[in-house]
Amino acid sequence: MIGQDALPLQAVADGSRQRPEGSIDQFSPYPPIADYGFLSDCEVTALVAPSGAVEWMCLPTMDSPSVFGAMLDRDAGWFRFGPDDVHVPCDRRYLPGTLVLETSWDCGEGWIVVRDCLVMGPWRHEHPERSTHLRPPTDYDAEHMLLRTVRCVDGQAQLTMDCVPAFDYGRQQERWRHTDRGYTQAVIEPAGLDLTLTLTSDVRIGLEGSGARARTLLKEGDTRFCALSWGSRAPENYEEAYAKMVWTAHHWQHWLARGRFPDHRWRSHLARSALTLKGLTFAPTGAIAAAATTSLPETPGGERNWDYRFTWMRDATFALSGLYTLGFEWEANDYFAFLCDLVERDQGDLQIVYGIDGRRDLDERILEHLNGYQGARPVRIGNAAYRQAQHDVWGVVLDSVYLHTKSRDRLDERVWKLSRQQVERALERWREPDQGIWEVRGEPRHFTSSKMMCWVAADRGVRLATLREDKDLARTWRKAADEIHADICAHALDERGVFCQHYDTTALDASLLLMPLLQFLPPYDQRIRATVLAIADELTEDGLVLRYQVGQTDDGLSGKEGTFTICSFWLVSALAEIGEHQRARDVCEKVLSCASPLLLYGEEIDPRSGRHLGNFPQAFTHLALINAVMHVIRAEQTAQRMALGRDISDGHG
């Protein structure tokens, strides 16, 4: 039976027509966002659909134009490696502690197992001037290769390979040609692009225009491989391919072993979040991309579609906190060095978002030729938010400096000079309205969270000045911090004693959950408690947190949006801070249960269906997960110690 919201058949067939906002074609060829697997070599990322098709991959870096873009248009390029007539696997997992994806297939007459990875290898740069790496060299590096292997473990199965790149976001197609290795290798060289792709396999490759295809019958014990490389030497045979796969798996396991993870039932969520954040890190600069994708919709069929392949300054504090908490100091130091480079280069003219290579210009454009994920348009590249005034940026920088300084025994002159500059900038601008943490495209407002972050800049500046024994400057900044604090308390509270989104409204905003986390007021302060509980009770749907009520906030856009997963994790941390430990644990359990099958998160969750929305996987969400889970674990550990202490004092130990 066709429901009332079903589209006419003509509209379904006509991919150029945009679907009504909030609707999804029942027979959509697009997999659910949460069903994609995530691969990375810390320079390039890829998303693999359950069918075994790579449907999103940008080259030569994670923010370059896509080569495989079927995630945003079914004709924009794909690379499938799997059974011929089966598209739904029986199981998918990561090899434990890695970013190596394993997919198992029941093919009727046999079983095959496919493994995919972006290859990591030993450090290969000998001359710094030929490398884009700015951070201290490590023992490993990206090999610039997407590697796929298969083994038939039982019976027999037909294997197919279908590699159809479409360059420049699907706008440019080229023809493959065989190399002197005959049927086992082909290359494709797009005109006008400094990029050559080489496809190598031990399955005979046939060429059909822009597609490179292969098929073969696998019997029990048979193995095959295919490798797509750009600028690196391809494997000669399966044994060499397998060795690269093993090296990559061991690399990720060795990296993860450096971390400090609690012996807890949620350890797997922490480990997967750490691996995801590492995978979203652009190794040459240390920047962390907000997500691997662009324009995955926040509303099914809607217009809230943004490019998140950039690095946001506001992620810094949470990134450093999460990385330090789990013991990944090297990654935290690299990210901090990237921030310092930006602050030093741009002086007081800081943006809230930059390219992962540090570039400033992120001009936003619409790709009219792409239909969008499940018909959600427009498809955007670039992000116009880089032009916005957002006053939280200075607080982010100062809190990051403070977190970094606490992890060592000194504050060097260069960082101190940059810190002073940012505090002064915050004190110059804090009285002005801005676009706020959510980058609303409506009128500027006196957003409470922005004022709070200016207070953070001054407060952390006081602590750093005290560390530097500059008492006069510390007194001056403390007076300014107290003025900002008093202004917020005088203008941002409603009649209930609840902090509101901005000075001219009584609307709630989930960003105010950061107040206890950033120590704006003590967690036992009644105003903090009232704010946290009001958000928990009034700004949630089925227990998950909204950023704000779209009907009460002029964000310049139409339509609804899902619950913001980062805000749900903020609620967990805030509830733990105010002593609502059972409620914090309950919310945490609920949000963790919404994870994708591979323990990944998009930006939002539809509270009714549990469907993931927005770009994927989302760094900010995984950062908030780490902090929320650790809040709950620490509370549990404290309760256990107290219970043990009572038992011992009662003579039961």
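Definitions and limits used
- Residues numbered from 1 in each chain as written.
- Predicted model: local features only at pLDDT ≥ 70, side-chain atom pairs only at ≥ 80, totals over all residues.
- Heavy atoms only, no water.
- Core = buried A, V, L, I, M, F, W, Y, C linked by side-chain atoms within 4.5 Å.
- Buried < 20%, exposed > 50% of the residue type's maximum accessible area, 1.4 Å probe, protein only.
- Helix = DSSP H or I, 4+ residues; strand = E, 2+ residues; numbered from the N terminus.
- Contact = heavy atoms within 4.5 Å.
- Axes fitted to C-alpha atoms, helices over the stretch in contact; angles between N-to-C directions.
- Left-handed = near helix turned anticlockwise from the far one by under 90°.
- Expected span 1.5 Å × (residues − 1).
- Polar contact = N/O pair within 3.5 Å; in protein donor to acceptor, adjacent residues only side chain to side chain.
- Pairing = 2+ DSSP bridges.
- Salt bridge = Lys/Arg side-chain N within 4 Å of Asp/Glu carboxyl O.

Visitor: Which residues make up the nonpolar core, and what values go with them?
Guide: Ranked by size, the top nonpolar core spans 208 residues in total, and within it Met57, Phe79 and Trp570 carry the most contacts. In terms of residue count, the dominant contributor to this core is helix α15 (residues 619–649) (eleven residues). Leaving out residues up to four positions away in the same chain, methionine 57 has contacts with Val44, Thr45, Ala46, Ser66, Val67, Phe68, Leu118, Leu146 and Trp230. Membership of the second largest hydrophobic core comes to twelve residues, among which are Met145, Leu147, Ala227 and Tyr238.

Visitor: Report on the packing of helix α7 (residues 393–406) against helix α9 (residues 448–467), specifying residues and quantitative values.
Guide: The interhelical angle for the contact between α7 and α9, taken along N-to-C directions, is 35°, at an axis separation of 7 Å. As α7 runs across α9, the sense of the crossing is left-handed. Of α9, the residues touching α7 (which contributes Trp394, Gly395, Val396, Leu398, Asp399, Val401, Tyr402 and Thr405) are Met453, Cys454, Val456, Ala457, Arg460, Gly461, Arg463, Leu464 and Leu467.

Visitor: Help me get a handle on helix α8 (residues 413–429), residues and values and all.
Guide: Over its 17 residues, α8 runs 25 Å from end to end, which matches the ideal 24 Å to within 8%, given 1.5 Å per residue. Of all the positions in α8, only Val415, Trp416, Leu418, Ser419, Gln422, Val423, Ala426 and Leu427 are classed as buried. Of the surrounding secondary structure, the elements contacted by the buried residues of α8 are α6 (329–346), α7, α9 and α10 (471–491). You can read the cap of α8 off the contacts: a side-chain oxygen lies 3.2 Å from the backbone nitrogen of arginine 414, and it is on aspartate 412.

Visitor: Tell me about the pairing of strand β9 (residues 140–164), and name the residues and values.
Guide: Burial analysis of β9 places 19 of its 25 residues in the buried class, the great majority of the element. Bridge analysis of strand β5 (residues 78–83) against β9 gives six bridges, and the strand direction is antiparallel. Opposite glycine 82, over in β9, you have threonine 160 as the bridge partner. Across twelve bridges, strand β8 (residues 110–122) lies against β9 in antiparallel orientation. Each residue of the ladder has a partner; that of glycine 110, found in β9, is glycine 155. The pairing of β9 with strand β15 (residues 223–229) spans seven bridges and is antiparallel.

Visitor: Residue-level account of unusual backbone geometry, with values.
Guide: Along the chain, leucine 59 connects to proline 60 via a cis peptide bond; the corresponding omega equals 10°. In this structure, the amide linkage connecting phenylalanine 616 to the following residue, proline 617, adopts the cis form with an omega of -20°. Even without a glycine there, the phi angle at glutamine 519 is positive, about 65°. Take glutamine 519: it is sitting in the loop between α11 (514–517) and α12 (526–538). Looking at glutamine 519, the relative accessible area reads 46%, which means it is partly exposed. The residue aspartate 542 is not glycine, and still its phi comes out positive at about 55°.

Visitor: Got a sec to walk through the sheet that holds strand β24 (residues 563–564)? Specific residues and values, please.
Guide: Strand-to-strand pairing in sheets goes through backbone hydrogen bonds, with the strands running parallel or antiparallel. With antiparallel pairing, the three strands of this open sheet are ordered in space as β24-β25-β26. The outermost strands of the open sheet, each flanked by one partner alone, are β24 and β26 (612–613). In this structure, strand β25 (residues 604–605) lies alongside β26, joined through two bridges in antiparallel fashion. Across the sheet, residue isoleucine 605 finds its bridge partner in β26, namely histidine 612.

Visitor: Tell me about the pattern of salt bridges, residues and numbers included.
Guide: In the structure shown here, the tally under the stated rule is 48 salt bridges. Arginine 429 serves as the salt-bridge partner of glutamate 432, at 2.7 Å between the closest nitrogen and oxygen. Through salt bridges with shared partners, a single ionic network connects Asp399, Asp459, Arg460, Arg463 and Arg478.

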